[in-house]
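What follows is the residue order along each chain.
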Amino acid sequence: MSTTLAALRIGFIGAGRVAQTLAPAFARAGLNVAAFYNRGADAAQRLGSRIPSARPMTDAQHVVDSCDMVFLTVSDDAILPVCRDLRWEPRHRVVHCSGATELTALAQAKSAGAATGGFHPMQMFANPDVALEGLRGCTVGIEAEGDFRRDLELLATRIGCEPLALPAGARALYHASAYYVGPFLIALLKEGVELWKSFGASEADALRAMMPLLRGTVAAVLDGGLANGMGGCVARGDVGTILKHLRALDERFPPSGALYRELALRNVPLGIERGTLSPPRAAEIEKLLQRTRLEEQAAS
């Protein structure tokens, strides 16, 4: 780590789950987490218990005044107004941790001469303890200019993460991509759990059965890539099994049947790429999925 970065006093405005993860990670890495502020007392107390050396401040401006690098770990919609209402100086480095928010939200700080940047770990922050232990190896989307970008990349490396340089204007798409393997994956697990509940299993039963399959799927993709990591009836060209699935879902869970069709259609190109699904059988599967989708829509 550069001497300049190591000497910085780091502050957090917003003491939620992201701050409760990053502040201890920075402290573990030998950085000086000096101060923080949060409007609510509960989150402030939780962050204070995780970083006893950091000083709780009575307002956000005191964090700005006492620190060199300030992380705005507030909600996405609050970044711009919080930044706008604070007094910045050229000595400051101002960072938000939003995946989708552009750096223009930090315009007030930039106009005062401060360096601005984005530092977004691709991590679930539902539980700060779990997130902290899962930081190592995760990607951090970084956007900044010049030396400050290099400092943020070094900071990501120091806490065990992989820095990814993001071009201006790409943040919303970058962030949306993460949802397919984060919150949307949990929604898919929920779909599977609900089907298990229909034949008497509990959520715990379903998850206990699904987790090895999920881990195996990830392992297969890591080993062979997306197409070669995929199995299942679409990849095999098993029309009969697909039809059985659709009939069962449409009879009892029509919305799940509609989702199944959309996902199965996206499996078809992967099956062709894998080499286990011939173009004629792929066309048959697509026709089946499209036809039954129209029938399902007409019935509703």
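Here we summarise the structure given alongside this text.

Cut-offs and rules
Residues numbered from 1 in each chain as written. Predicted model: local features only at pLDDT ≥ 70, side-chain atom pairs only at ≥ 80, totals over all residues. Heavy atoms only, no water. Pairing = 2+ DSSP bridges. Helix = DSSP H or I, 4+ residues; strand = E, 2+ residues; numbered from the N terminus. Contact = heavy atoms within 4.5 Å. Axes fitted to C-alpha atoms, helices over the stretch in contact; angles between N-to-C directions. Core = buried A, V, L, I, M, F, W, Y, C linked by side-chain atoms within 4.5 Å. Buried < 20%, exposed > 50% of the residue type's maximum accessible area, 1.4 Å probe, protein only. Phe/Tyr/Trp six-rings, centres within 6.5 Å; stacked < 30°, edge-to-face > 60°. Right-handed = clockwise from strand over helix to strand, strands pointing away. Polar contact = N/O pair within 3.5 Å; in protein donor to acceptor, adjacent residues only side chain to side chain.

### Notes on the sheet that holds strand S2 (residues 32–37)
Spatially, the 8 strands line up as an open sheet ordered S3-S2-S1-S4-S5-S6-S7-S8, and their pairing is mixed. The sheet is open, and its two borders are formed by strand S3 (55–56) and strand S8 (162–165), each paired with just one other strand. Bridge count for strand S1 (residues 9–13) against strand S4 (residues 69–72) is 4 bridges, and the pairing is parallel. Looking across to S4, one finds that Ile10 is bridged to Met69. Those strands touched by helix H2 (residues 17–28) are S1, S2, S4 and strand S6 (115–121), and its axis lies near 170° from that of S1.

### Details of the nonpolar core
Core analysis: the biggest nonpolar cluster contains 36 residues, and Phe12, Phe26, Phe71, Phe119 and Ile159 have the highest contact counts within it. In terms of residue count, the dominant contributor to this core is H2 (5 residues). Ranked by size, the runner-up nonpolar core spans 21 residues in total, among them Ile13, Tyr37, Val94 and Leu103.

### As for the packing of aromatic side chains
Here the distance between the centres and the angle between the planes together describe a pair of aromatic rings. By the definition in use, this model includes 8 aromatic pairs. Measuring from ring centre to ring centre gives 5.3 Å for Phe12 and Phe71, while their planes differ by 20°; the resulting arrangement is stacked. Of this pair, Phe12 sits in strand S1 while Phe71 sits in strand S4, and the two are 59 residues apart along the sequence. Grouping residues by exposure puts Phe12 and Phe71 together as buried. Site record: aromatic cluster; members linked through ring pairs are Phe12, Phe26, Phe71 and Phe119.

### Let's talk about the pairing of strand S5 (residues 93–96)
The two faces of a sheet get side chains in turn, since along a regular strand they alternate between them. Residues Arg93 and Val95 of S5 are buried on one face, and the alternating residues Val94 and His96, pointing to the opposite face, are buried as well. As paired strands, S4 and S5 are joined by 4 bridges and run parallel to one another. When the sheet's bridge partners are listed, Met69 is paired in S5 with Arg93. In this fold, S4 hands off to helix H5 (residues 76–84), which returns the chain to S5; that crossover is right-handed. As paired elements, S5 and S6 share 4 bridges and run parallel to each other.

### Observations concerning the side chain of Thr101
Relative to the assigned elements, Thr101 resides in the loop between S5 and helix H6 (107–111). At 2.8 Å, the side chain of Thr101 forms a polar contact with the side chain of Ser98. Not counting the four nearest positions on each side in its chain, Thr101 is found in contact with Asp76, Ile79, His96 and Arg171.

Read these as spatial facts, not as claims about activity.
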